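Inside the fold
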Amino acid sequence: MLRAINKKIIVFAGLITLVLCISGCGNNKTKTVLVEGNAEQNNEDTVQESGDVSDTDIGTFSQSDLAELEEIESQADVVTVYVCGAVVAPGVYELSATSIKRDALNKAGGFAEGASNTYVNLAEPVYQGEKIYFPYEAELEPDYSPLDEQEDAQGDDSHKININTATKDELMTLSGIGESKALDIITYREEHGGFDSIEEIMNINGIKEGVYNKIKDNIVVD
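Numbering of residues begins from 1 in every chain and follows the order in which that chain's sequence is written. This being a predicted model, a pLDDT of at least 70 is required before a residue's local features are given, and a value of 80 or more before pairs of side-chain atoms are given or counted; all residues contribute to the totals for chains, interfaces and linings. To get the side-chain values, all heavy atoms of the structure are used, and hydrogens and water are removed first.

Turning our attention to the overall build of the protein chain. Helix and strand counts for the protein chain come out as seven helices and five strands. Secondary structure elements are taken from DSSP: a helix is a run of H or I of four residues or more, a strand is a run of E of two residues or more, and numbering for both begins at the N terminus. Overall, the protein chain shows an N-to-C arrangement of helices and strands of α-α-β-β-α-β-α-β-α-α-α-β. For every residue, the accessible area (1.4 Å probe, protein chains only) is compared with the maximum for its type, and the residue is labelled buried under 20%, exposed over 50%, or partly exposed between those bounds. Residues counted as buried form 23% of the 222 residues belonging to the protein chain. Of all intrachain contacts in the protein chain linking residues separated by at least 6 positions in sequence, the fraction that spans at least 24 positions is 43%. The contact criterion used is simple: two residues touch if any of their non-hydrogen atoms lie within 4.5 Å.

What follows is the structure, given as structure tokens:
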């Protein structure tokens, strides 16, 4: 009798253990499936968010960005050159990037009197920052010397600035003389009855030996 009861207890305990094991495994599987499902949902959300960024941000430009791009493109189509020598109006000019030297000459007003009109190849293209010099015919003569021309100019007082009579604008053409110094020169000569020598200009505040040496060959007193 006792042996039969023990057998029933053992069988009952085994059934309980089996039920508990089955129940635990089922819960774990459910949890695993739920986690995997959440992961898939999270991945879909991430993909959706990435798609939103791509659709709204990529390839979008503001008005200022477009204006800057247009300015860069327009600048790329323009070159700046310095035209000098035997031309009517020497200076710095902007030209189309496809221009030739004939276009630069036309911008500067054409040839000046006495210019050599065959020395520069007018069909050559221009490039950014180029200095285009058109010589005079006299410069191309075998015995021509720029030093001779410079000495002649220095010996001719008609090309120099008379600091006793020059206007403010004329004085401002001198190296190192701005509007303030030009007005000081005029005030000084009015107060002192004019300059007696060109060296006297160094009495002006701000005009010392350095400035004087730059302008002494270009000024006279009368």
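Checked against the element boundaries, Glu 130 lands in the loop between α3 (101–107) and β3 (131–134). When sequence neighbours within four positions are dropped, the list of residues in contact with Glu 130 reads Thr 80, Val 81, Tyr 82, Lys 101 and Pro 125.

On to the pairing of β3. Regular strands show a simple pattern: their side chains alternate between the two faces of the sheet. In β3, alternate side chains face the same way, and those of Ile 132 and Phe 134 are buried while those of Lys 131 and Tyr 133 on the opposite face are not. Strand direction decides the pairing type here: strand β1 (residues 78–85) and β3, joined by four bridges, are parallel. Looking at β3, one finds that Gly 85 is bridged to Phe 134. Think of it this way: DSSP has to see at least two bridges between two strands before they count as a pair.

Moving on to the nonpolar core. Here is a general trend for soluble globular proteins: nonpolar side chains tend to be buried in one another's company. Throughout, nonpolar core names a set of buried Ala, Val, Leu, Ile, Met, Phe, Trp, Tyr and Cys residues whose side chains join them through atoms within 4.5 Å. The biggest cluster of nonpolar side chains holds 19 residues, and the ones touching the most others in it are Leu 171, Ile 177, Ile 185, Ile 201 and Ile 219. Put simply, the parts of the chain that give this core at least two residues each are α6 (179–192) and α7 (209–215). The biggest single contributor to this core is α6, with four residues. With near-sequence residues (within four places) excluded, Ile 185 lies in contact with Ile 163, Leu 171, Ile 177, Phe 195, Ile 201, Ile 204 and Ile 207. Counting 13 residues, the second largest nonpolar core, distinct from the first, contains Val 81, Val 87, Leu 105 and Phe 134.

Turning to the confidence of the model for the protein chain, a few remarks are in order. A residue's pLDDT is the confidence the predictor assigns to it, expressed on a 0 to 100 scale. Of the residues in the protein chain, 59% reach a pLDDT of 70 or more, and the chain-wide mean stands at 76. No element of the protein chain has a lower mean pLDDT than helix α1 (residues 2–57), at 51, and none a higher one than α3, at 96. Low pLDDT (under 50) marks residues 53–58, which in the prediction has one contact with non-local residues, meaning those over four places away or in another chain.

Here we take up the pattern of salt bridges. By convention in these notes, a salt bridge is any Lys or Arg side-chain nitrogen within 4 Å of a carboxyl oxygen on Asp or Glu. For the structure on display, the rule yields three salt bridges. Notably, a salt bridge pairs Lys 101 with Glu 130, separated by 2.8 Å at the nearest N-O pair. Of this pair, Lys 101 sits in helix α3 while Glu 130 sits in the loop between α3 and β3, and the two are 29 residues apart along the sequence. Taken individually, Lys 101 and Glu 130 each receive the classification buried, so the pair is uniform in this respect. The partner of Glu 179 in a salt bridge is Lys 168, with the nearest N and O atoms 3.4 Å apart. Here Glu 179, found in helix α6, pairs with Lys 168, found in helix α5 (residues 168–171); they are eleven residues apart in sequence, far enough to count as distant. Looking at Lys 168, the relative accessible area reads 28%, which means it is partly exposed. A cluster of three or more residues bridged by salt bridges with shared partners is formed by Lys 101, Glu 124 and Glu 130.

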